[in-house]
Each structure stands twice: as C-alpha cells, then as structure tokens.
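# Breakdown of the fold
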Amino acid sequence: MQKTILVVDDEPDIRQSVKMILEVNGYKVVTAVDGDDCLKKVHEVKPDLILLDIMMPGTPVDDIVKQITDIKIAFMSVVRISDARKRGLCTQGNIVDFFQKPFNVSDLIDRVELILDEEEQG
Amino acid sequence: MNTEKFDIKKFILSKINRKLTLLFLIVGLIAPTIAIYYFYNISVSSFPEGMSGEQGLLLKTITVMIITLIAINAAIIGFFMSRSISKPIKELYNATREVETGKYDIRLDIKTCDEIEELAQAFNRTTAAQQRLEEERKEIDSAKTEFLSITSHELRSPMTPMKAQLQMLEEGYFGKLSKKQKDSLGIVIRNADRLDKIIVDFLDISRIEAARLKFNFQDTDIAQLVKDTAKFMEGFAKEKNIELVVNVDELPIIEVDPDRVSQVTRNLINNAIKFSAENSKIEITAELKKEYVLFSVRDYGCGLTSENQIRIFEPFYQVENSNRRKHGGTGLGLAICRGIVESQNGKIWVESKPGKGCKFSFTIPLKPVRQIKPIKILFSHKGTIERKLREEFKTMLGPLGAGEFDELKSKNALSRDDLVEYIDSLTDQYIIPEERGLDFKNRIERILGYEKEVINEKEDTPFDNLGDEVLGRN
C-alpha cells in the first residue's frame, strides 16, 4: 500500500525538492507550509510520517508536536540535533529521527524507508 | 586589588605628610624664636637698672614655653593641612588603580575647591568616556558574533534545496546524463559542498566565540576513542596507501566530550594525510601526563617552515604550496581545533622541520572545564599583542630576540606563565641579569594586560623582596 508522507517546511524550494525525491521513490506526498497548516492536513490525510521543520513562522513547533501523538515525526532542520535535544524537542515517543539540513538524498530515502518498514513490522 | 602596593603608596604619601608637618614645626620654631628673641632683648633693655636673677629666669621660662607652644600648634596645623592635601590625592590614586583593573564605573567625589577638585572632575569625565568606549566595544564584539551566527544560518538554508536538487540530478532522477553533463555537475556539487563546509565552520566559530560551544561530558575510554578515530580515518589514508600507526598508553577513563576530542583528532589526521606523500606513515599517540592527556599526530610529509608554523592556527591561513588547491579545505579547521582545545584550557601546537614532516600535539585536562570561556578566533587582538611581544624580545635580547620569540610562538608558549618561565630560565642561566629579567617580565605583563608594575616605585619601598612577591602573586 502506498505510504503517505506529510512534508512541513516554510521554504517552498525545500518542500518541492523533498516532495520530488519522495514521489520518485513511490510515496504519496502532501505538503504544509507551517505548523498550523500541518495540524489541519494531519486530520485530512492521516499521514504515515511527518517530516517537520523546526524553525517556522506561526505556532512554535514545540506546541504543534504536543498535539500529534499517534503519528511518527522526523525532524528536518538546519538546527543541530544537540540544540534540538537541549530544547527538549526529542523527548516525545513518536519522534523517530532527525535529518540535519542540508540532507543527503540517498540517506533521506534510506532512513525514511527504514522508518516506514518498521511500522509495517510493528 | 593589590593591598601590598597600596602600602608603598601609603608610605610615600605619609612621607609627604611627615615632611610638611616637619616644615611647619621648623617654621613654628624659628619664627617665634626670632620674634621672641627681639622681644626679650627689648624687654631686657627696658629695665635700666638690670633684672634680678629671678625675674630673668621667669622671663626666659615664659619665652621658651611660648616658643614651644607656638611650634606645637604650627606642627598640628601643618599635619592637618598636609593631610587635607594628601587625602584627595590618595583617593585619586586608588581610583586610577581601580580603572586599571577595568572598573570604569568609578567616580570621585572630591570637594576641595582647588585644582585637585578640577583634576578629579577631569578624571571622572575620562572614566565616563572610557566606560562608554568599553560598552561600545563589547556591543560591537557581540554584534560580530551574532552576525556570524545569523548569516551562517541564513546561508545554510538555501544550501538545502540546492544540494538536494544537485544530488537528484546526479543520481539520475531526471534522466540519464551525458559525460559532459556529469563532469559539469560534479564541479557544481564539489563547490557546493565546499561552501557548505565553510558555513558549518563559521557556525562552529560563532559558537566558540560566543562560548556557546556545547560539550557533552561523559566518562570516556580515551585509548579506545583514539583507536576508533584512527580506524575511521583509515579509509581516507588508504587512498594514498598511508599507514596509520596508533600508539596509546594505558589511559584512565576520564570525563571529556568524546565527539570534540575525536573532531580535533580527525582534523589533525586529515591534515596529516593531506600533506603526506603516498606510501608513508602517520603516528598517532596519546599519553598520560600529570594533569592532562597529551595527544599527538606525526606525519612524514612536506613539513612546515617556521613562518608557516607560526601562522598555521590563524583562520583562513593556508600553506602556500604547489598542490595546495588539490588539498581543499576551508582554512578554518585548525583555528576551530584551537578554539575547541583552548575552551577546555588545553593547548595545541606544532613542531616541524621543512621536508621532515610535522608533529601536531594537543592537551586535554583530566578534569573537564564546565564553565566555557569565549575564545576569540576571528579578528583577535592576538596579532597586535604578538607583534608587540616580538618587538620587546628584540629590544631586550638583541638580534637573537626575534628568533627566540618565533621558537616560543611555534610551541604556542606565549601565555604569561610560559613567558615568565622562559625569562626565569634566562636569568637562572645568567644569560641576562636578574634586574633586566624583572624589567623584561614587567614589560611583557604590561603588553599582555596584566597589572602594571612600576619599577621605580620599588626603590622607594622599604620591602626588599617586594618585587618578587608582586610577581609571584599574579
């Protein structure tokens, strides 16, 4: 069954790039422009994974993440993982990965595949 | 604040007090003596038949008493007057000492209605101006670091879609590429990566400068860490068929940030690989010293001239040589290594001879430094200070001075303690006389911004060993 991934980033070029990469690799991709948009889309499409930028305008990501507890989230940020941890962003159980921007295309695909495969087995 | 030095000044000031008091006492003695002598003569001559012995004695006693009283009064007045003069001077003196230590917020409140009050007001205006400048300097400094951090983040954001698209092109997401297209794309990707590396290094530098560099301290098996790092680098070494020889002591488990230690070691090994000839070897060692672990990476590559040894830790400094382009790199790696090592109170230095290879060494203390200090990497005052130190070496040691200085610098032994130790060794070997050594130390401390030592003052002090004490205390 085709998996759906929600890509949330305020930068259109990043949104489009990630969408292209994931679509070529057989995923259905929905995009959102910020945290609030993300919450809206989550209810509409019920994605299997959310790729979420950390620094975005609007409601802070910390608050957005708290409202999504049943869907896997992978952060995708220019912020370092150590900084994100310090902000207490990586404590929630459904946060499964952290992609450091600029990401490597094949690495992104490998890790997304791994995350979604785990889901199938689990 | 230095209480000992106040004593010297107090002593001098009390001397002024004494001198003035003495002056008043003498004037108080001489003036009434002369006056009363005349008065005595006149009164004696006014008795035509001459005075009886008893009357004469009484007159003499009264005369002496009056003289003594006037003298004592004069001395008391003199004492208080001199104190009223020296007190504001003392205050001014104390205030200048405070300013020397960097307290620019000090203001004087002297109301003597004379030149000293004017002087105090001028002093207040000067310190106010200094305070303003100091604040501005701090603002500019933090603005610089902030600017670096923000621009680096801003520069990094466009890198993300750019690199993603380039990689997609390269991996054939949009169809197969011709050889020429692939070559062209290769150049773009290589340079995008290089640009990204520079940005990452800038971010690191802004963190080091703002003391925001994070250290995740954890108990670490240093020996294992060095072995793992060397293993990680083996892949790169293989390309040039270079052998990595790891030589580590039995090392205790200490609390460090393994990632940072590994980052510095990786960087040094990476440099060593870059500058080694094919089929050579690189030796990596770690040994336990008293209070630190000493790491070193030795290669048998092209080596460094003494000029390059000095400048190698400066940002963007790259050794000029024919195949430098091929080495790539940002020119910030060693500057960042220095920042990381120094923010843990460690040291990093290089020993080398052209053609014989280099040995880079660095130290990590056994106990972690949790309070991270900001370290200046870009636009540091280091250059100016070192130029001044070099000049001082030349004036103090003659033509040999410059060479000696360069040698110390190449060992990165230019901290105050290192220099004091060096000068002590000179005086111990009678290369320069003690007096000159002391002078040398003082001059160097002045350049390095330590408390100033006034040589001439020493001669006024009654304490024989004061000089040593003062120097030993810092």
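Keep in mind that what you see is a predicted model, and the values were worked out from it rather than measured.

Now for the overall build of chain A. On a plain count of helices and strands, chain A comes out with 5 helices and 5 strands. Secondary structure elements of chain A occur, N-terminal to C-terminal, as β-α-β-α-β-α-β-α-β-α. Across the 122 residues that make up chain A, the buried fraction comes to 34%. Within chain A, contacts between residues at least 6 apart in sequence are counted, and of these 56% link residues at least 24 apart.

One recurring pattern in soluble globular proteins: nonpolar side chains tend to sit buried together. In terms of nonpolar packing, the biggest core is built from 46 residues, with I269, I282 and C337 of chain B touching the most fellow members. Mapped onto this core, the elements with two or more residues apiece are α4 (179–209), α5 (222–238), α6 (258–274), β4 (281–288), β5 (292–299), α9 (333–343), β6 (348–353) and β7 (357–365) of chain B. The residues contacting I269 of chain B, other than those within four sequence positions of it, are A230, M233, I282, I284 and V297 of chain B. Core analysis: the second largest hydrophobic core is formed by 31 residues, C38, V65, V105 and L108 of chain A among them.

So, on to the interface of chain A and chain B. Each side of the interface is counted separately: chain A has 15 residues, and chain B has 15 residues. The dominant element in the side of chain A that touches chain B, judged by the number of residues it contributes, is helix α1 (residues 12–24) of chain A, at 6 residues.

Before going further, it helps to examine the packing of α4 of chain B against α9 of chain B. Residue and element names in this part refer to chain B. Remark: α4 packs on α9, axes separated minimally by 10 Å, with the N-to-C direction vectors making an angle of 30°. Viewed along their axes, α4 and α9 adopt a mutual orientation that is roughly parallel. In this structure, the crossing between α4 and α9 has a hand that is left-handed. Only I336, G339 and S343 of α9 make contact with α4, whose side of the interface consists of D201, D204, I205 and I208. Each residue belonging to the contact of α4 with α9 can be placed in one class, and the counts come to 3 nonpolar, 2 polar and 2 charged.

Between K101 of chain A and the following residue, P102 of chain A, the backbone shows a cis peptide bond with an omega angle of -5°. Tracing the sequence through the fold places P102 of chain A in the loop between β5 (95–100) and α5 (105–121). Phi at N241 of chain B takes a positive value of approximately 55°, unusual for a residue other than glycine. Position of N241 of chain B relative to the elements: it lies in the loop between α5 and β2 (243–248).

What follows concerns the environment of K87 of chain B. All names here are of chain B. Inspection of the secondary structure puts K87 in helix α2 (residues 53–100). Classification of K87 as partly exposed rests on a count of 15 C-beta atoms within 10 Å. Distance in space between the C-alpha atoms of K87 and I110 is 9.6 Å, their sequence separation being 23 residues.

Below, the discussion takes up the confidence of the model for chain B. Residue and element names in this part refer to chain B. Scored by pLDDT, chain B comes out at a mean of 80, with 86% of its residues at no less than 70. Element-level mean pLDDT values for chain B span from 33 in helix α15 (residues 466–473) up to 92 in β5. Between residues 451–474, whose pLDDT stays under 50, and residues either more than four places distant or in other chains, the model counts 25 contacts. Here the prediction assigns the complex a pTM of 0.61, and the interface score ipTM is 0.86.

Attention now goes to the sheet that holds β5 of chain B. All names here are of chain B. The strand order across the open sheet built from 5 strands is β2-β4-β5-β7-β6, with neighbouring strands paired in mixed fashion. Whereas interior strands pair on both sides, the edge strands pair on one side only; in this sheet they are β2 and β6. Averaged over all pairs of adjacent strands, the angle between their axes in this sheet comes to 15°, without regard to strand direction. Here 6 bridges tie β2 to β4, and the two strands are oriented parallel to one another. Bridge pairing in β4 places V245 opposite E283. Each of β4, β5 and β7 touches α6; the most contacted strand, β5, lies at about 20° to it.

Reading the values: rules and limits
Residues numbered from 1 in each chain as written. Chains lettered and ligands numbered in written order. Predicted model: local features only at pLDDT ≥ 70, side-chain atom pairs only at ≥ 80, totals over all residues. Helix = DSSP H or I, 4+ residues; strand = E, 2+ residues; numbered from the N terminus. Buried ≥ 20, exposed ≤ 12 C-beta atoms within 10 Å, placed from the backbone. Contact = placed C-beta atoms within 7 Å. Core = buried A, V, L, I, M, F, W, Y, C linked by C-beta atoms within 7 Å. Axes fitted to C-alpha atoms, helices over the stretch in contact; angles between N-to-C directions. Parallel < 35°, antiparallel > 145°, perpendicular 65-115°, else oblique. Left-handed = near helix turned anticlockwise from the far one by under 90°. Nonpolar A, V, L, I, M, F, W, Y, C, P; charged D, E, K, R; others polar. pLDDT = per-residue confidence, 0-100. Pairing = 2+ DSSP bridges.

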